[in-house]
Amino acid sequence: QDTHAWSGRFSEPVSELVKKYTASVTFDKRLAEFDIEGSLAHAAMLNRVGVLSDEDLAAIRQGMAGLLEDIRQGRFEWRLDLEDVHMNIERRLTDLIGDAGKRLHTGRSRNDQVATDIRLWLRDAVDGIVLLVTDLQRALLDLAEEHAATVMPGFTHLQVAQPVTFGHHLLAYVEMLARDKGRLTDCRRRINHLPLGAAALAGTTFPIDRHYTAELLGFDAVCHNSLDAVSDRDFAIEFTAAASLVMTHLSRLSEELILWMSPRVGFIDIADRFCTGSSIMPQKKNPDVPELVRGKTGRVNGNLVALLTLMKSQPLAYNKDNQEDKEPLFDTVDTLVDTLRIYADMMRGITVKADAMREAVLQGFATATDLADYLVKKGLPFRDSHEVVARAVRHAEGQGCDLADLPLGVLQGFSGLVGEDVYRVLTPEGSLAQRNHVGGTAVERVRKEITRHRKSLAVP
Ligand code: ARG
């Protein structure tokens, strides 16, 4: 029995090494269910336009059903000598049902077939990922709600800057993830175009009905150029770029979790089940999960660069290079799915040490800007006010105390505009309360934002 569908043209079989080098079945068998779905739609379309008989269609459906069951049960024998998922399935189908199986590939090429399979697979993956991002947003919102009023220092340059709340801080990530979802659903629109019908590169002589196939497979549109349909993978690149950004956002959060969990900071604790110990240092509890998220971000970024590089020098139309699109794409989806799952779980297991957060706010003159604003409201130009407060800070630093600890008389020594009401703006709570505008830190605002996010998450 000849092994390849195309071996008739060749005078000698390919070497073992070449067989192994060119085969993709070891990884593209993952596309099997989508390959069958695509084939069934293609067969139904061929039947509808009168190219495939009713008997052949029935045989194909029956054969594919058995084959699918074998695949699901792990009974299917994948053969490396049959190169890829497409030829494995077609050969098995033909073994099962004879000539009808050989007619399936009419008006089709593996080039438009594989492009269709990947789109179907990726569309499904994107839908799952969007749900996982939403779940993580919910976990963050729950924690944010609990800590809408928990004071913590906001940092710039990793130096204490101004008071924020832990809830407000977490909402920043909810926003990032909302944009990530926007990018994912936007790229899904471009994934959802049907390449089938492009055949190898130039379309087909059969009277195909591409819109019918598209409808059966749930595609919104058909690809309008046969060369483009089989050769571009920009939808996969776009997805991976969106995935890189999700990972980038989670990597930033991971960096913060690691820092916050460091005993030198001590803002939070991460549940034991997300940490590991040391084989030599008995006291250790290491934040392995966030560290790995940070590390795996490099891996996903690498996949993005791999896909971009894969595409950049390919002349039209299909080239075998494209077979290399799958592993980076699969790896990106797997990494992202696992990361999102574990992250939502981890956020639900965080303990917040509110006292340590508050303590840290009181140590960095976090309300200096509030004092400056206070003096401006009393009539001092901002630049002068800045200067006055800077001197007050230098004094407090010398005294080893916070601005709020300076007696009224001392503060009045820096500016006669200081009144007794100054202490209201010098506390972290006073600072927050005054920033009561959209996007601001006031507890009331943070709560409103949580409600707004919850509403938008409720809409599918
Ligand atoms: N395994 C191939 C891929 O992943 C399928 C398409 C092969 N087409 C071809 N003309 N060799 O791209």
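All figures in this text were calculated on a predicted structure; none of them were measured in a lab.

This part is about the overall build of the protein chain. Looking only at helices and strands, the protein chain has 20 helices and 6 strands in total. In summary, the protein chain has a C-alpha radius of gyration of 31 Å against a globular reference of 23 Å for 460 residues, an excess of more than 25%. C-alpha atoms of the protein chain, sized along the principal axes, occupy 100 × 50 × 40 Å. Residues counted as buried form 40% of the 460 residues belonging to the protein chain. Sequence separation of 24 or more characterises 76% of the internal contacts of the protein chain that already satisfy a separation of 6 or more.

This part is about the site of the ligand. Near the ligand, the surroundings consist of Ser24, Asp28, Asp84, Arg110, Asn111, Val114, Lys320, Asn322 and Gln323. Per-element accounting of the shell around the ligand gives the leading share, 3 residues, to helix H7 (residues 110-146). A per-class count over the shell around the ligand returns 1 nonpolar, 4 polar and 4 charged. Domain assignment of the residues forming the shell around the ligand places at least three in each of domain 1 (17-106) and domain 2 (111-146 + 164-200 + 224-355).

Here the domain parsing of the protein chain yields domain 1 (17-106), domain 2 (111-146 + 164-200 + 224-355) and domain 3 (359-458). On a C-alpha basis, the centres of domain 1 and domain 2 stand 32 Å from each other. Taken together, the contacts link 11 residues of domain 1 with 11 residues of domain 2. Listed by contribution, the elements that provide at least two residues to the side of domain 1 that touches domain 2 are helix H2 (25-28) and helix H3 (32-48). No other element matches H3, which puts 5 residues into the side of domain 1 that touches domain 2. Across the side of domain 1 that touches domain 2, the residue classes tally to 3 nonpolar, 4 polar and 4 charged.

Turning our attention to helix H15 (residues 368-377). Of the positions making up H15, those classed as buried are Ala368, Asp370, Leu371, Ala372, Tyr374 and Leu375. As for H15, its buried residues are in contact with helix H16 (382-399), helix H18 (422-426) and helix H19 (428-433). Positive phi appears at glycine 379, one or two residues downstream of H15, with a value of about 115 degrees.

All right, on to the UniProt feature "domain: Fumarate lyase N-terminal" (unreviewed entry) in the protein chain then. This chain's UniProt record puts "domain: Fumarate lyase N-terminal" (unreviewed entry) on residues 8-302. Annotation note: span residues 8-302, helix share 63%, strand share 7%, distance between end C-alpha atoms 40 Å.

Okay, the pairing of strand E2 (residues 159-165) next. Here 6 bridges tie strand E1 (residues 151-156) to E2, and the two strands are oriented antiparallel to one another. Considered in E2, the bridge of phenylalanine 155 is made with valine 160. In this antiparallel pair of consecutive strands, E1 and E2, the connection spans 2 residues, and histidine 157 shows a positive phi of 55 degrees.

Moving on, we come to helix H12 (residues 288-312). When the terminal C-alpha atoms of H12 are compared, their 36 Å separation across 25 residues agrees well with the 36 Å that a helix rising 1.5 Å per residue should span. Along H12, the residues classified as buried are Val289, Pro290, Val293, Arg294, Lys296, Thr297, Val300, Asn303, Leu304 and Leu307. Turning to H12, the residues buried within the fold contact helix H11 (234-261) and helix H13 (326-347).

In this section: the nonpolar core. Among the nonpolar cores identified, the biggest contains 109 residues, and Leu122 and Leu371 are the most heavily contacted of them. In terms of residues, this core owes the most to one element, H7, which gives 15 residues. Not counting residues within four places of it along the chain, the set of residues in contact with leucine 122 comprises Ile191, Ala236, Phe239 and Leu329.

Below, the discussion takes up unusual backbone geometry. Across the junction of leucine 316 and alanine 317, the peptide omega takes the value 0 degrees, indicating a cis bond. Note that alanine 317 resides in the loop between H12 and H13. A positive phi angle, close to 70 degrees, is found at glutamate 83, a residue other than glycine. Its location among the elements puts glutamate 83 in the loop between helix H4 (54-72) and helix H5 (85-97). Even without being glycine, alanine 199 reaches a positive phi, approximately 55 degrees. Here alanine 199 lies in the loop between strand E3 (193-194) and helix H9 (210-217). You can call alanine 199 buried: it has 24 C-beta atoms within 10 Å.

Further remarks concern the environment of cysteine 401. Take cysteine 401: it is sitting in the loop between H16 and helix H17 (408-414). Residue cysteine 401 is classed as exposed on the basis of its 12 C-beta neighbours within 10 Å. With 36 residues separating them along the chain, cysteine 401 and phenylalanine 365 place their C-alpha atoms 9.1 Å apart.

Cut-offs and rules
- Residues numbered from 1 in each chain as written.
- Predicted model: local features only at pLDDT ≥ 70, side-chain atom pairs only at ≥ 80, totals over all residues.
- Helix = DSSP H or I, 4+ residues; strand = E, 2+ residues; numbered from the N terminus.
- Rg over C-alpha atoms; globule rule 2.2 N^0.38 Å.
- Buried ≥ 20, exposed ≤ 12 C-beta atoms within 10 Å, placed from the backbone.
- Contact = placed C-beta atoms within 7 Å.
- Near = placed C-beta within 6 Å.
- Nonpolar A, V, L, I, M, F, W, Y, C, P; charged D, E, K, R; others polar.
- Domains from an automatic or database assignment.
- UniProt positions renumbered as here; feature names shortened; annotations may be inferred.
- Pairing = 2+ DSSP bridges.
- Expected span 1.5 Å × (residues − 1).
- Core = buried A, V, L, I, M, F, W, Y, C linked by C-beta atoms within 7 Å.

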